[in-house]
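# A structural walkthrough
Each chain is listed here by its residues.
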Amino acid sequence: MAAVERTSQAPSKQTELPSWKDPKAEPYIRIENVTKKFGDFVAVNNVSLSIYRGELFSLLGGSGCGKTTLLRMLAGFENPTSGKIYIDGVDMAGIPPYDRPTNMMFQSYALFPHMTVEQNVAFGLKQDKFPDSEVKQRVAQMLDLVQLTPFAKRKPHQLSGGQRQRVALARSLVKQPKLLLLDEPLGALDKKLREATQFELMNIQDRLGITFIVVTHDQEEAMTLSTRIGVMNAGQIVQIGTPQEIYEYPQNKFVADFIGSVNLFEGQIVEDEADHVLIKSAEAGCDIYIDHGISSAPGAKAWVAIRPEKIQLTKQEVNAPHNCVRGTVKGIAYMGNLSIYLVQLDNGKQIKVTMQNQMRAAELMIDWDDRVSVTWHPNSPVALLS
Amino acid sequence: MASSVSAAHASRLPASHWMRDLLQALGIRGRTLVIAIPFLWLFLYFFVPFLIVLKVSLAFITIAQPPYTHFNEAGHLVFNIGDSYGRLVSDSLYIKAYWNSLVVAATSTVICLLIGYPFAYGIARCSPSVRNILLMLVILPFWTSFLIRVYAWIGLLKNNGLINEVLMAIGIIDSPIGMMNTNFAVYLGIVYSYLPFMILPLYANLEKMDMSLLEAAADLGCKPLKAFFLITVPLSFPGIVAGSMLVFIPAVGEYVIPELLGGPSSLMIGRVLWTEFFSNRDWPTASAVAIAILLALVIPLMIYQKYQDKELEKES
């Protein structure tokens, strides 16, 4: 939802190609075949990635997938075992963190405990020998932006988690870096504050034109914030795309399963034409017809991913040659705006279906243990080969 | 079996009840009792002797056994401040000895800090397995008596000692360097003996340090050496204070090292005290010297305590 909002925020850009699709655009950050090993453990495995100026790029993955290591290599805290990193066309090999045009917001915030909020924020500017008056003015501006002016004289241990997080953000933004690296920036915040800060981050990014790279394990956060997402698994990037692409067109089982919830059915490709695929799936209990082709050999093994919100339930019996299966409602979770139905198909497989509660008491129309027909549009499923 | 167990319980339970009842009857809670033990210990072996020494410092010298009396010729109990404490102020020997002790202790503390800090820093940055070995090596000298270790330095430093012999054998020097009985030897002895007391609290502090702070400093454009002085040193301040106190306080009253390694010119208050007691048999003056030095040491200790309380408050 929020991701859709984000692209419509900038109507002027609609006529132009986004930078990552424009063949003439020069990437701001180029990561070429970067591998990082710690002993025998391969933390980052042959990653190549281009990120463009003004993007808010998220590296998304579970813990230990290598996303933080990749970020630390950009900041200069780790050196790649092999491969190259270019920022603004400059090879970063051998350039120490203090000479890089990047600033990082640490997951632990890493605020200097012996300095006040003000001194923490001023630290970076003082390293660059800015005159005192300018340091003062820019720190004041920054504290104003993150609404911490009344806390300027406090030490970090006198602040709440959310306030510390804003100090860390202010400290990393005050030097107006070309590239801001954020490691799980919103992890420690409660839901309300997190949402507010997400929009604040997007605002700041629009206003200052800084390129952001955000590391997160929180898919919702990645969906809301990002122009593009790189999904990582076991040291590799498994898919790069806009939030919509990642969500609607996952390229493999891992991405489909990691982002949002999904029902996966194993099957065999029977027909693979330009305009449709037909997959026979014992797991689903019916043939699945998909209205887009994938190029594969018939007979190949494939998986079909269908999002819970793209499935319809009805108590009437539906007779269709495909995309239709019978089941029994085994559980209903009422969430307010929508309800989640746990349906056991007649072959024993359990699937998840979400439906909007468009009318009051809509959840009463289908009840526990009701027999239902499960159907979906041929446009809804995605066929995956791996 | 079961009956014997319950019998053992039955015989034990009343006993503890009996103890508890007694304590309750006396109005003592268990917690008070636990604290009372170290208090009693300090009272008996620190405070009472302190009072005795204080009283002796206010006595008159006599030729008797013991060599002091609390009474004047008329047989009245008198607090004689003038003889002992008056001498401390009037005779420049004592002022000089005090001053010299403070200078030696302060200089040694600074030298210990300069050597100990990189030492502790290095250990704290090692891998955990190497770290344990290095810490072990720091503590290892304690397995030998302090006195023997100071004696060993004589064997190294004297004119026909190991250092001079080796230097002459390889032809760097022609005649031995006079190292024994000099201030140099005293400093060497003190720094050598007290270095572990500087390293251990510093290590304990530096080991806890959050390395991401240094990364954050580097990320904000601060070079490593500058980050060391802006981040590491201020954060290790409690360790610096603790280590310095642990070196400075015993070094001020040090007797063995200046006595064994120092020359006649290394006038330290510990030696003066010894001379007053055993050579001059002037117990009141010796006691006054002791009281004065105790006060001089308690004041910095109290400052340290205050500082620590403040730190604890900050953390909570």
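Residues numbered from 1 in each chain as written. Chains lettered and ligands numbered in written order. Predicted model: local features only at pLDDT ≥ 70, side-chain atom pairs only at ≥ 80, totals over all residues. Heavy atoms only, no water.

### Looking at the overall build of chain B
Definition in use: The helix and strand labels rest on DSSP assignments: H or I over at least four residues marks a helix, E over at least two residues marks a strand, and numbering proceeds from the N terminus. This radius of gyration counts C-alpha atoms alone. The globule rule is 2.2 Å times how many residues there are, raised to the power 0.38. Summary of the burial criterion: residues with accessible area below 20% of their type's maximum are buried, those above 50% are exposed, and those between are partly exposed, where the area comes from a 1.4 Å probe applied to protein chains only. Under the convention used here, a 1.4 Å probe and the Shrake-Rupley method define accessible areas, while residue burial counts only the protein chains that appear.
Looking only at helices and strands, one finds 14 helices and two strands in chain B. Computed over C-alpha atoms, the radius of gyration of chain B comes to 27 Å, more than 25% over the 20 Å expected from 2.2 N^0.38 for 316 residues, which places it beyond the range of a compact globule. Over its C-alpha atoms, taken along the principal directions, chain B stretches across nearly 80 × 75 × 45 Å. The buried share among the 316 residues of chain B stands at 35%. With an accessible surface of roughly 18,700 Å², chain B has 72% of that area assigned to carbon and sulfur atoms.

### A short note on the nonpolar core
This is how the line gets drawn: In plain words, nonpolar cores are sets of buried Ala, Val, Leu, Ile, Met, Phe, Trp, Tyr and Cys residues tied together by side-chain atoms within 4.5 Å. Only heavy atoms enter the contact rule, under which two residues are in contact if any of them lie within 4.5 Å.
Membership of the largest hydrophobic core comes to 53 residues, with the highest contact counts inside it found for Leu-88, Ile-190, Leu-261 and Ile-269 of chain B. Those residues within four positions of Leu-88 of chain B in sequence are excluded, and the remaining contacts are Tyr-94, Ile-95, Tyr-98, Ala-288, Val-289 and Ala-292 of chain B. Listed in part, the 41 residues of the second largest apolar core include Val-34, Phe-57, Ala-110 and Met-115 of chain A.

### A look at helix H6 (residues 191-208) of chain A
Spacing of three or four residues puts side chains on the same side of an α-helix, whose turn is 3.6 residues. All names here are of chain A. The cut-off we apply is this: In this analysis, the expected span of each helix is defined as 1.5 Å times one less than the number of residues it contains. The arc refers to the directions leading from the helix axis to the C-beta atoms.
Taking 1.5 Å as the rise per residue, H6 with 18 residues should run 26 Å; its terminal C-alpha atoms sit 26 Å apart, in good agreement. Of all the positions in H6, only Thr-197, Gln-198, Leu-201, Met-202, Ile-204 and Gln-205 are classed as buried. Buried positions in H6, seen along its axis, are confined to an arc of 160° and lie on one side of it. For H6, exposure combined with an orientation more than 90 degrees from the buried face picks out Lys-192 and Arg-207. Gly-209 sits one or two residues past H6 and shows a positive phi near 65°.

### Overview of the side chain of Gln-165 of chain A
Note that Gln-165 of chain A resides in helix H5 (residues 161-173). Of the residues examined, Gln-165 of chain A reaches a relative accessible area of 1% and is grouped as buried.

### Considerations on the pairing of strand E12 (residues 277-281) of chain A
All names here are of chain A. So the rule is basically this: Pairing between two strands requires that DSSP report at least two bridges joining them.
A large share of E12 lies buried, amounting to four of its five residues. The sheet contact formed by strand E11 (residues 263-272) and E12 spans four bridges and is antiparallel. Residue Asp-272 lies in a different strand from E12, and its bridge partner there is Val-277. Hairpin connection of E11 to E12: four residues between the antiparallel strands. Of the strand pairs in this sheet, E12 and strand E13 (residues 286-290) are connected by five bridges, and their pairing is antiparallel. Paired with Ser-281 across the two strands is Cys-286, which belongs to E13.

### Notes on the domain arrangement of chain A
Residue and element names in this part refer to chain A. Our working definition: Delimitation of the domains relies on an automatic or database domain assignment. The term buried area refers to how much accessible surface (probe radius 1.4 Å) is lost by two components on association, counted for both of them together. Definition used for salt bridges: Asp or Glu carboxyl oxygen within 4 Å of a side-chain nitrogen of Lys or Arg. By the criterion applied in these results, polar contacts are pairs of N or O atoms within 3.5 Å in which, for protein atoms, one can donate a hydrogen and the other can accept it, and in which residues neighboring in sequence qualify only through two side-chain atoms.
Along its sequence, chain A is organised into domain 1 (2-101 + 177-253) and domain 2 (261-384). For domain 1 and domain 2, the distance between their C-alpha centroids amounts to 33 Å. Facing the seven residues of domain 1 at the interface are seven residues of domain 2. Across the domain 1/domain 2 interface, buried area totals approximately 690 Å², and carbon plus sulfur atoms make up 57% of it. Between Lys-310 and Glu-248 there is a salt bridge, with the nearest N and O atoms lying 3.0 Å from each other. Inspection of the region where domain 1 meets domain 2 yields three residue pairs in polar contact (both at pLDDT 80 or more). Among the elements that take part in the side of domain 1 that touches domain 2, helix H8 (residues 243-248) stands out by supplying three residues, more than any other.

### Side note on a negative patch on the surface
Our working definition: For patches, a residue must show more than 30% relative accessible area and have no salt bridge; joins then use 9 Å for like charges and 5 Å for nonpolar side chains, namely Val, Leu, Ile, Met, Phe, Trp and Tyr. Two residue types count as positive, namely Lys and Arg, and two as negative, namely Asp and Glu; His and chain ends fall outside the count. For this purpose, a charge sits on NZ of Lys, CZ of Arg, CG of Asp or CD of Glu.
A contiguous patch of negative charge, built from Glu-271, Glu-273, Asp-275 and Asp-291 of chain A, is present on the exposed surface. Summarising the element assignment, Asp-275 of chain A is placed in the loop between E11 and E12.

### A closer look at the interface of chain A and chain B
By a widely used convention, the size of an interface equals the accessible area lost when the partners come together. Contacts between the two partners involve 23 residues from chain A, matched on the other side by 18 residues from chain B. Of all residues in chain A, Tyr-98, His-114 and Gln-127 of chain A bury the most surface against chain B, accounting for 32% of the area lost on that side. Joining chain A to chain B, the criterion identifies one salt bridge. Between Arg-72 of chain A and Glu-215 of chain B there is a salt bridge, with the nearest N and O atoms lying 2.6 Å from each other.

### Remarks on the state of the cysteines
All names here are of chain A. We count it as follows: The definition used for a disulfide is geometric: two cysteine sulfur atoms within 2.5 Å.
Under the definition given, this model contains zero disulfides over all chains. Left unpaired, Cys-324 is separated from the closest cysteine sulfur, that of Cys-286, by 7.0 Å. The class of Cys-324 is buried, set by a relative accessible area of 12%.

### Section: the sheet that holds strand E10 (residues 236-241) of chain A
Residue and element names in this part refer to chain A. Let me state the cut-off plainly: Throughout, an axis means a line fitted to C-alpha atoms (over the contacting stretch in the case of helices), and angles, computed between N-to-C directions, take values from 0 to 180 degrees.
Spatially, E6-E7-E8-E3-E9-E10 is the arrangement adopted by the six strands of the open sheet, whose pairing is mixed. Taken across any chain shown, the strands that pair with only one partner, and hence form the sheet edges, are strand E6 (102-105) and E10. On average, each strand axis in the sheet is tilted by 20° relative to the strand beside it, whichever way the strands run. In this sheet, strand E7 (residues 179-183) lies alongside E6 in parallel orientation, the contact comprising four bridges. The partner of Met-104 across the bridge, within E7, is Leu-181.

### Observations concerning the sheet that holds strand E1 (residues 29-38) of chain A
Residues and elements named next belong to chain A. Strand order in this open sheet of four strands is E2-E1-E4-E5, and the pairing throughout is antiparallel. Of all strands in the sheet, those bounded by a partner on one side alone are strand E2 (41-51) and strand E5 (90-91). Pairing analysis gives seven bridges linking E1 to E2, with the strands arranged antiparallel. The partner of Phe-38 across the bridge, within E2, is Phe-41. Against the sheet, helix H2 (residues 67-75) contacts E1, E2 and strand E4 (82-87), and its axis sits at roughly 115° relative to E1.

### Side note on the packing of helix H3 (residues 117-127) of chain A against helix H4 (residues 132-145) of chain A
Residue and element names in this part refer to chain A. Spelled out, the test is: With respect to orientation, any angle under 35 degrees is reported as roughly parallel, any angle over 145 as roughly antiparallel, any angle of 65 to 115 as roughly perpendicular, and every other angle as oblique. A clockwise turn of the near helix away from the far one marks a right-handed crossing, whereas an anticlockwise turn of less than a right angle marks a left-handed crossing. Asp, Glu, Lys and Arg are counted as charged, while Ala, Val, Leu, Ile, Met, Phe, Trp, Tyr, Cys and Pro are counted as nonpolar; the rest, among them Gly, fall into the polar class.
Contact geometry for H3 and H4: axes closest at 9 Å, N-to-C directions at 120°. Considered as vectors, H3 and H4 are oriented oblique to each other. Viewed along their axes, H3 and H4 form a crossing whose handedness is right-handed. The residues of H4 that touch H3, namely those facing Val-117, Glu-118, Val-121, Ala-122 and Leu-125, are Val-135, Arg-138, Val-139, Met-142 and Leu-143. For the contact of H3 with H4, the residue count by class is eight nonpolar, no polar and two charged.

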